[in-house]
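# Architecture and fold: a report
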Amino acid sequence: MAKVAVDLRNMRKSYNEDEQLLLESSLPSKNPILLFQHWFEEAKNCETIYESNAVCLSTCDKDGWPSSRMVLLKSFGDDGFKFFTNYDSRKGKELIENPKAALLFYWDPLKRQIRVEGLVEKLPESEAEEYFRLRPKRSQIAAAISNQSEVIESRDELIKRYSLLDERYSGDEFIPKPSFWGGFKLVPKSIEFWQGQSSRLHDRILFKRSQNTAVDGTLVKEAENGWVMQRLQP
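Residues numbered from 1 in each chain as written. Predicted model: local features only at pLDDT ≥ 70, side-chain atom pairs only at ≥ 80, totals over all residues. Heavy atoms only, no water.

### Considering the pairing of strand 1 (residues 54-60)
For strand 1, the tally of buried residues reaches 5 of 7 residues, placing the bulk of the element in the interior. Where strand 1 meets strand 2 (residues 66-72), 7 bridges bridge the pair, whose relative direction is antiparallel. Note that in strand 2 the partner of Cys56 across the bridge is Met70. As consecutive antiparallel partners, strand 1 and strand 2 are separated by 5 residues, and within that stretch Gly64 has a phi angle of approximately 95°, a positive value. Looking at chain direction, strand 1 and strand 5 (residues 100-107) are connected through 3 bridges and run antiparallel. (Buried < 20%, exposed > 50% of the residue type's maximum accessible area, 1.4 Å probe, protein only. Helix = DSSP H or I, 4+ residues; strand = E, 2+ residues; numbered from the N terminus. Pairing = 2+ DSSP bridges.)

Here it is, written out as structure tokens:
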């Protein structure tokens, strides 16, 4: 049996020398939610970023085994970061069993990364209903016919289910939201902003909730809206 061994040690890209620095004195805001909004708007307006709201969601099962996948962020604010999924999917089950998760945004053209960690809670059913109706009908049908993460014999079976439901609701603008589909909100306890540098001496600023964190003005600095900030080594 052939063995695979691929050496990637010499694979590297040079970053643009025109660099941005994460200096505390020049941050647009010391409220991490407002800073996230500022960075997100720049990513959304960047022509070479296709989906700025695409984010890697990492979860763990009750035994501590991690898993990651891409989801689409659907809203954010002081109350948290929201996304939607099938509650019976692997991520849905893990979020219910172990409601701790992490989000990772990476916008390569801007050489920026944001890590968000915190506790997760289900969104109200009314909010899930409202968003489900906003989805394209094709996406509604796909969500309704898929037992997400479960094994299936063939793609033909999926297409058959899709066609049957599409025909059933052919005269309707939308279909009813399935009971197993809904939303989650990640309430952050920490948010880290990373700005890549050509020297690989990257900038990292970490915001944490200020509870039980002593502010010394040097290693731990007071931020805004109940947060403190620290500079991390790359």
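### Topic: the layout of surface pockets
Looking at the largest pocket, its volume works out to about 380 Å³. The wall of the largest pocket is formed by 16 residues, among which Phe84, Thr85, Arg135, Gln148 and Trp181 lie closest to the centre. Secondary structure elements with two or more residues in the lining of the largest pocket: strand 2, strand 4 (80-86) and helix 4 (137-145). (1 Å grid on protein atoms, 1.4 Å probe; cavity = no way out; pocket = protein on both sides within 12 Å on 5 of 7 lines; lining within 4 Å. Points joined across faces, edges and corners; volume = space filled by probe spheres on them.)

### Points about the nonpolar core
Membership of the largest hydrophobic core comes to 35 residues, with the highest contact counts inside it found for Phe36, Phe105, Trp107, Ile114, Phe193 and Phe207. Mapped onto this core, the elements with two or more residues apiece are helix 1 (32-44), strand 1, strand 4, strand 5, strand 6 (112-122), strand 7 (181-195), strand 8 (203-209) and strand 10 (227-232). The element contributing the most residues to this core is helix 1, with 6 residues. Phe84, Phe132, Leu165 and Ile175 belong to the second largest nonpolar core, which has 12 residues in total. (Core = buried A, V, L, I, M, F, W, Y, C linked by side-chain atoms within 4.5 Å.)

### Some remarks on the side chain of Glu94
Considering the arrangement of structural elements, one finds Glu94 in helix 2 (residues 90-97). Residue class for Glu94 comes out buried when judged on its relative accessible area of 4%. With near-sequence residues (within four places) excluded, Glu94 lies in contact with Thr59, Cys60, Asp61, Trp65, Ser67, Arg69 and Pro99. (Contact = heavy atoms within 4.5 Å.)

### Points about a nonpolar patch on the surface
Where nonpolar side chains cluster on the molecular surface, the patch consists of Val4, Val6, Leu8 and Met11 and spans about 500 Å² of accessible area. Secondary-structure assignment places Leu8 in the segment before helix 1. (Patch = residues over 30% accessible without salt bridge, like charges linked within 9 Å, V, L, I, M, F, W, Y side chains within 5 Å. Areas by Shrake-Rupley, 256 points an atom, 1.4 Å probe, with all protein chains shown as cover. Salt bridge = Lys/Arg side-chain N within 4 Å of Asp/Glu carboxyl O.)

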